[in-house]
Amino acid sequence: MTSAEETVCKNIRHCLDILKRHNPNEFDYQVLKNEFSGFGKTGKNRLLKAMAENDSDLSKNAAILLSLSSYELSAADLKRLTDKWPNGDIDSLANLMIHEYSPPIRQAAIATLGSPDQDIAFWSRKILKFGEMKSRLGESKITDFKPSPELFDLLSEAARANPTKEITQFLAQFPSEQSQPILKDLLSSQSSEVVHAALNGLYVSDRESSIGFLQETVSQLKTGEENIALAIADAVRTQHGDTQDETFIAFAKQILTDSTSSQLETMVGADILMGQGPDIKLPETQMTLIGLKGALAAHGTVPLFYMSGLSQKLGSNIETGLDLLWSAFEQQVSPNRSDFVKALSSIPTNETLLKIIQAALENEADWQVVAHAAEVASTKKLSALEPFLNQVAEAHPVLMARAAALAALDSLSDDKTNYSESRHVWEQKLAGDAKWCSVKAHNFKTESSQLPYFNSVPMAYARQTTRTFLTSALSTGTGWLAGYDLGEFSGGLIYYDNRTGTGKLIYGQAHPDDTGKEYYAPNIVGITPKIQRPLGQYGEEYWAFSGLNHFGSDGAILSVSVRSEEVDVKRHFQLPKAPKAIKRLEDDSFLIGFGKKPEGNASDYAPSISHPPLRLMPDGEVVPGCTKPPNYTIKATP
C-alpha cells in the first residue's frame, strides 16, 4: 500500500469526525492515535479542545484517546483538564487524569473528594490511589505532597466519610497538632491500609504516643468490630516489619498474658504473633487459644501467614491449636486448606495430626488436599492411614490424587522408595491406562447476549465488569448470574438484582488488600441450572465452572443457590485442570473435558498435560467421565 492508501484521515477535521462518531468498541483507537500524532502539536491541541467541549460523545472519546497517547502536557494543557473535571464523562476523564497525574491533578482530585455525587467521590479516590502508585513506581512527574491549610479541611472531611490510604498519608504530612486527632480516629478503620498509614504517621511524629494510642484503640474494641481488630493486627505486623521495633511484639504478648484482656484484644494479639516468623513463640496461655479461635472465626480460613513454624509458635498448645486451625476452614475446597495440610509435615506426630491427615484423605471435594495428605503420610511414615490411602488409590476420580496415594503406599511398604519419583511413574501409568472420550463443548457465550445492561461492578485488581469479558449469563427470575473472564488479570461471578438494578460480586474478591483472606479471581467458564427446566421456569440451584490456565492450570465446580434475594456460593469440587469443554447429558449430569488425550508413548501420558474427562452427576458426585451414561452414547476417542 502507498502512504496515501494507508492514511485514515484526510485532514484533522476528518479525524475529529471519526472520533465523534465511533467509540473504542467500533474503531481501532491505536490507528486514530497514530493519525493525531502525525499532526504533531496541532493534533494534541485539537484533542484537548475536543475534550473540553460540551459535546458529550466527542469529549468522552477525546479523553479516551488522550489517555492512550504520550503527549507532553504543559501547565496550560493540565489546566484545561482540571478545569473540565468533573464535568463530562467521569470514567474517561478520571482515567486521563491518572495517565497525566501531576500536582495540579492531585489538587483537583482532592477538591472533589467530598462531592455529593458518589461517582465523582469514588473516582476522586481512584485518581489519588493510582496516581500515587504511579508516583511510587516513578511513572509520573509528581512532587512530594505539600500540606496547605485549605487542603486539610477537605482531606479530614473525606477521611471521616470514606478514608483511603492516600488520604491518610496526606493528612500525616500536616503538623501533629492538626493531624494527630484524626489519625488516632483512623486507627479504628476497617481497612488495614488506612490503619497502617495512620499508625505510621503517628509513629513518625511521636513513637511513644503512637504505641499509647494503639493500646487505647485496641482496649476499646467491642463485639461486632472483628474486622477492625483484624485490620489493626495487619497494620501492626506491617509496621513491625518496616521498623523492626520489638515494642509491637511485646504489645501483642502482653495482651495474651493479661487475664483481663477482652476477646477482641486477644484476637489482635494472636493475629499479630501468628503472622510472625517461626522464631516467635506465642504465650502458652488460655488467652492465646481464645484469641486464636476468635481470629480464625473472623478470617473464615487459616491465613497463609499463619502456617510457618506452627510447632514452634504454638508450643505446648500445639494439639489444641491444630484442632482449632483445622476446624476454621469454612469450605471443603480451599487453597489454604491444601497449604495447611502440606505444612503439617514439619510438625511432630500426635493424635490430632493423625486425625487431621485422615480427614484430609477423606476430603472428596479437593484432590490437592488429598494429595498433600498422602505426601505427609509418606514423609511421616503414618502406616495407620494405609486403609484410607488404599481407598483414595482405588476410587478417587482425579488421577493425581490416586497417584499420590499409590506413591505413599509404595514408600510405606519400602523405605527405599523415592516418593516423588514413584508418584510421577504412577501419574504416567494411570493417565495412559485411563479411558478417554471426546466432549462436545456447549457455547455458554451465545446465551450471555441476553443479559440486560447493568452498572459495572468492581472485580479483582481494580478491574470492572464489561461485556467484552462476559463469558456466561443466566436469568434466575429474580436476577441474573453472570460470569467474567479477564485471564490472569481478573474474573468473577456476579449476581445482578432485577429489583434494585445493582450487581454484586458473589465469588471472587474485589480488593486483595486483606492478606488474611483467601484471594482468588475466578475465571468463569460457564453457568447452568443443575436441572434443566422448561422455558420460562426458574430453579434455585445452579452450577458454575471456573478455570484459569496461567503458570499452571486450575479449575473448580461451584454450587450456587439463589433463593429470593439470598445468593450463596460454595466451591463444590476442585478440578484437576481448567475445563475446556462442558456438555450437559440427558440425565442432567455434565461431562467435563480438559483437553485431548496426549499422543505418543505412555511416558507422555501425564495428567499435568491433560486429564481424562470427568462427569458431574446430578447429585453432585464427580466420577470418571468416559463410561456410558443411561440413554446416551459417548463417542470414544480413537
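All values reported here derive from a predicted model rather than from experimental measurement. (Residues numbered from 1 in each chain as written. Predicted model: local features only at pLDDT ≥ 70, side-chain atom pairs only at ≥ 80, totals over all residues. Heavy atoms only, no water.)

Colleague: Teacher, can you tell me more about the pattern of salt bridges here?
Modeller: Side chains that carry opposite charge are capable of pairing whenever their charged atoms lie near each other. Counted by the stated rule, this structure contains 20 salt bridges. Ionic pairing is found between Glu284 and Lys281, a salt bridge with its closest N-O pair at 2.9 Å. Ionic pairing is found between Glu541 and Lys530, a salt bridge with its closest N-O pair at 3.5 Å. Highlighted residues: Glu541 in strand S6 (residues 541–549) and Lys530 in the loop between strand S5 (524–529) and S6, separated in sequence by eleven residues. Given a relative accessible area of 15%, Lys530 falls into the buried group. (Salt bridge = Lys/Arg side-chain N within 4 Å of Asp/Glu carboxyl O. Helix = DSSP H or I, 4+ residues; strand = E, 2+ residues; numbered from the N terminus. Buried < 20%, exposed > 50% of the residue type's maximum accessible area, 1.4 Å probe, protein only.)

Colleague: Honestly, the nonpolar core in this entry has me stumped. Any pointers?
Modeller: In globular proteins that are soluble, nonpolar side chains generally tend to be buried together. Within the largest apolar cluster, 158 residues are counted, with the highest numbers of intra-cluster contacts made by Leu19, Phe36, Trp85, Leu155, Leu325, Phe340 and Ile357. Ranked by residue count, the leading element in this core is helix H25 (residues 399–413), at eleven residues. With residues near it in sequence (within four places) discarded, Leu155 still touches Ile110, Leu113, Phe145, Ile167, Phe170, Leu171 and Phe174. Counting residues in each nonpolar core, the second largest holds 15 residues, with Ile506, Ile524, Ile527 and Val560 among its members. (Core = buried A, V, L, I, M, F, W, Y, C linked by side-chain atoms within 4.5 Å. Contact = heavy atoms within 4.5 Å.)

Colleague: Hey, could you run me through the packing of aromatic side chains in this one?
Modeller: Two aromatic rings, taken as a pair, are described by how far apart their centres are and by the angle between their planes. Applying the stated criterion to the full structure yields eleven aromatic pairs. When the centroid spacing of 4.6 Å and the interplanar angle of 25° are considered together, the rings of Phe145 and Phe170 count as stacked. A residue pair is termed long-range when its members are at least 10 positions apart, and Phe145 in the loop between helix H9 (118–136) and helix H10 (149–161) and Phe170 in helix H11 (residues 165–171) qualify at 25 residues. Of the two residues examined, Phe145 and Phe170, each falls in the buried class. Pairing Trp326 with Phe329 gives two aromatic rings, centres 6.1 Å apart and planes at 70°, and the pair type is edge-to-face. An aromatic cluster is present here, built from Phe145, Phe152, Phe170 and Phe174 joined pairwise through their rings. Looking at Arg337, its charged tip hangs above the ring of Trp326, at a distance of 4.7 Å from the centre. (Phe/Tyr/Trp six-rings, centres within 6.5 Å; stacked < 30°, edge-to-face > 60°. Lys NZ or Arg CZ within 6 Å of the ring centre and 35° of its normal.)

Colleague: How do you make sense of the sheet that holds strand S10 (residues 590–593) when you look at a structure like this?
Modeller: The strands that make up a sheet pair up through hydrogen bonds in the backbone, lying either parallel or antiparallel. Spatial strand order, S9-S10-S11-S12: four strands in an open sheet with antiparallel pairing. Sheet topology places strand S9 (581–584) and strand S12 (622–624) at the edges, where each strand pairs with a single neighbour. Mean inter-strand twist for the sheet, computed between neighbouring axes without regard to direction, equals 25°. Bridge count between strand S11 (residues 614–616) and S12: three bridges; the pairing is antiparallel. Note that in S12 the partner of Arg615 across the bridge is Val623. (Pairing = 2+ DSSP bridges. Axes fitted to C-alpha atoms, helices over the stretch in contact; angles between N-to-C directions.)

Colleague: I would appreciate a short explanation of unusual backbone geometry in the present structure.
Modeller: Across the chain, the bulk of peptide bonds are trans and the bulk of non-glycine residues have phi less than zero. Note the cis peptide between Trp85 and Pro86, where omega equals 0°. In this fold, Pro86 is placed in the loop between helix H6 (75–84) and helix H7 (90–99). Phi angles above zero are rare outside glycine, and Gln244 is one such case at about 55°. Among the residues examined, Gln244 registers a relative accessible area of 51% and is labelled exposed. The phi dihedral of Asp588 falls on the positive side, at around 70°, and the residue is not glycine. Relative to the assigned elements, Asp588 resides in the loop between S9 and S10. Residue class for Asp588 comes out buried when judged on its relative accessible area of 14%.

Colleague: What am I meant to see in a positive patch on the surface here?
Modeller: On the surface, a cluster of positive charge is made up of Arg13, Arg46, Lys49 and Arg80. Along the chain, Arg80 falls in helix H6. Judged by relative accessible area, Arg80 falls into the partly exposed class, the value being 33%. (Patch = residues over 30% accessible without salt bridge, like charges linked within 9 Å, V, L, I, M, F, W, Y side chains within 5 Å. Areas by Shrake-Rupley, 256 points an atom, 1.4 Å probe, with all protein chains shown as cover. Lys, Arg positive; Asp, Glu negative; His and termini not counted. Charge placed at Lys NZ, Arg CZ, Asp CG, Glu CD.)

Colleague: What should I look at first to understand the packing of helix H3 (residues 29–38) against helix H5 (residues 56–68) in this one?
Modeller: Between two packed helices, both the angle of their axes relative to each other and the distance between the axes serve to describe the pair. H5 packs onto H3 with a crossing angle of 80° between their chain directions and a minimal axis gap of 10 Å. Overall, the two elements H3 and H5 adopt an arrangement that is roughly perpendicular. Side by side, H3 and H5 meet where Tyr29, Gln30, Leu32, Lys33 and Phe36 of the first sit next to Asn61, Ile64, Leu65 and Leu68 of the second. The residue inventory of the contact of H3 with H5, partitioned by class, reads six nonpolar, two polar and one charged. (Parallel < 35°, antiparallel > 145°, perpendicular 65-115°, else oblique. Nonpolar A, V, L, I, M, F, W, Y, C, P; charged D, E, K, R; others polar.)

Colleague: I'm lost on the sheet that holds strand S2 (residues 479–485) in this one. Help?
Modeller: Here we have four strands laid out as an open sheet, ordered S1-S2-S3-S4, and antiparallel in their pairing. Since the sheet does not close on itself, it has two edges, and those belong to strand S1 (470–475) and strand S4 (503–507), each with one partner. Taking each pair of neighbouring strands and ignoring which way they run, the sheet shows an average axis angle of 25°. Pairing analysis gives five bridges linking S1 to S2, with the strands arranged antiparallel. Looking at the pairing, Ser475 lines up with Trp480 of S2.

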